[in-house]
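# Summary of structural features
Spelled out from the first residue to the last, the chains are:
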Amino acid sequence: MKYLFLKLLPKNIFSKLMGQLADLKAPAPLLESVIRTYADFYKIDLTEMKKPLSEINCFNEFFTRELKDGLRPVDAAVDSLTSPVDGTIAEFGSIKDGLLIQTKGIYYSLSDLVGPKDAETFDDGYFMTIYLSPADYHRIHTPYQGEVNRFSYFSGNLWPVNHFAVENIGGLFSINERIFTPLETEKGLIGMIKVGATVVGKIKTTYHPLESNDNKGTKCDLPVTPSRKFAKGQEIGRFQLGSTVILLMEKGRFKEGDISKGQKVKMGEMIGKIV
């Protein structure tokens, strides 16, 4: 029944409407009451916010909140790869025969996820899937220093990416809306896939004005002109309401750290080493 409801729900239209609703300015007392209720339910620490609650104008401004300086220190080791987000490690491991693990017994295609050209680069490499819950900080940061000179936008569905959907929707991450960012580094290419989901009004990046869920068709290898250089831990994008980030590393270029499935991570924490 739950699957049927989700299948029949006009997910993209519904998500766009929810995004527009979250962008509406509301009277300060009402908005503050809504945010505090939301924060109490999801156990969000409002003292981490850089901007005072009294200066927030809409729900999305709260959801994409910036944190106070120093709250997410970025691991300084030269060879460390850090978590790009606050979230939960859902899956990780080797990419075998062009397939990634969605969950136990369910696989999806690397080529479907990023396109055949980039799939060749990451085949036999390594992946990590990090899920952001509604409680998490929703800005996305670079896991390693590098340069962005192109990206791809894949138009698609907006299925939820929660536990139920991951276990019941085949190829979930490769059929949902997503933005693929290749980060060129001195140690090879690192892929960042930002996956949209139901109620995610937008995925935005800091290097290009294109936004997801905007009635645009798939566009591959869009140029970033001029190219953008990023330090490790620098903001590269954000979700307006929660979703998932998938990291891709080339074969033989990554050594995982002390991580486990279901582990909570914070942005800037070391999750492995680039070798």
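I will try to describe carefully the structure that is included in this document. Positions within a chain are numbered from 1, following the residues in the order the chain's sequence is written. With the structure being a predicted model, the display of local features is reserved for residues of pLDDT at least 70 and the display and counting of side-chain atom pairs for 80 or more, all residues being used for whole-chain, interface and lining totals. Excluded from the side-chain calculation are hydrogens and water; included are all heavy atoms of the structure.

## Looking at the layout of surface pockets
Computed from the structure, the second largest pocket encloses a volume of approximately 260 Å³. A 1.4 Å probe that fits but cannot get out identifies a cavity on a 1 Å grid over protein atoms alone, an open set with protein on both sides within 12 Å along at least five of seven lines counts as a pocket, and a residue lines either if it has an atom within 4 Å of a point. Ala90, Tyr131, His163, Val166 and Lys261 are the residues nearest the centre of the second largest pocket, which is lined by 17 residues in total. Put simply, the parts of the chain that give the lining of the second largest pocket at least two residues each are β2 (87-94), β3 (99-103), β5 (126-131) and α7 (163-168). Each helix is a run of H or I in the DSSP string that is no shorter than four residues. Each strand is a run of E no shorter than two, and both are numbered from the N terminus. In terms of residue count, β2 provides more of the lining of the second largest pocket than any other element does, 4 residues in total. Broken down by class, the residue content of the lining of the second largest pocket amounts to 6 nonpolar, 8 polar and 3 charged. Grid points are joined across faces, edges and corners, and a volume is the space filled by probe spheres set on the points. In the scheme used here, Gly and all other residues not listed as nonpolar or charged are polar, with Ala, Val, Leu, Ile, Met, Phe, Trp, Tyr, Cys and Pro taken as nonpolar and Asp, Glu, Lys and Arg as charged.

## Regarding the nonpolar core
Put simply, buried Ala, Val, Leu, Ile, Met, Phe, Trp, Tyr and Cys residues joined by side-chain atoms within 4.5 Å make one nonpolar core. Each residue gets one of three labels from its accessible area relative to the maximum for its type: buried under 20%, exposed over 50%, partly exposed in between, using a 1.4 Å probe on protein chains only. Within the largest apolar cluster, 32 residues are counted, with the highest numbers of intra-cluster contacts made by Leu81, Tyr207 and Met249. For Leu81, the contacting residues outside a window of four places in its chain are Pro143, Tyr144, Ile190, Leu247, Met249, Phe254, Glu269, Met270, Ile271, Gly272, Lys273 and Ile274. Of all hydrophobic cores here, the second largest spans 24 residues; its members include Leu100, Phe127, Trp159 and Phe173. We call two residues in contact whenever any of their non-hydrogen atoms come within 4.5 Å of each other.

## Let's talk about the sheet that holds strand β16 (residues 270-274)
A strand pair is defined by DSSP finding two or more bridges across the two strands. In spatial order, the strands read β1-β16-β14; together these 3 strands make up an open sheet with antiparallel pairing. A single partner strand is all that each edge strand has here, and the edge strands are β1 (80-82) and β14 (254-256). Looking at each pair of strands side by side, their axes are set apart by 35° on average, direction ignored. All axes are obtained by fitting lines to C-alpha atoms, using only the stretch in contact for helices, and the reported angles, taken between N-to-C directions, cover 0 to 180 degrees.

## Concerning the pairing of strand β7 (residues 146-154)
With 7 of 9 residues buried, β7 lies mostly within the body of the structure. In this structure, β7 lies alongside strand β11 (residues 219-230), joined through 6 bridges in antiparallel fashion. Across the sheet, residue Phe151 finds its bridge partner in β11, namely Leu222. The pairing of β7 with strand β8 (residues 178-185) spans 4 bridges and is antiparallel.

## Comments concerning the side chain of Thr103
Turning to its location among the elements, Thr103 is positioned in strand β3. For Thr103, the residues in contact, after removing those within four places along its chain, are Glu91, Val166, Glu167 and Lys261.

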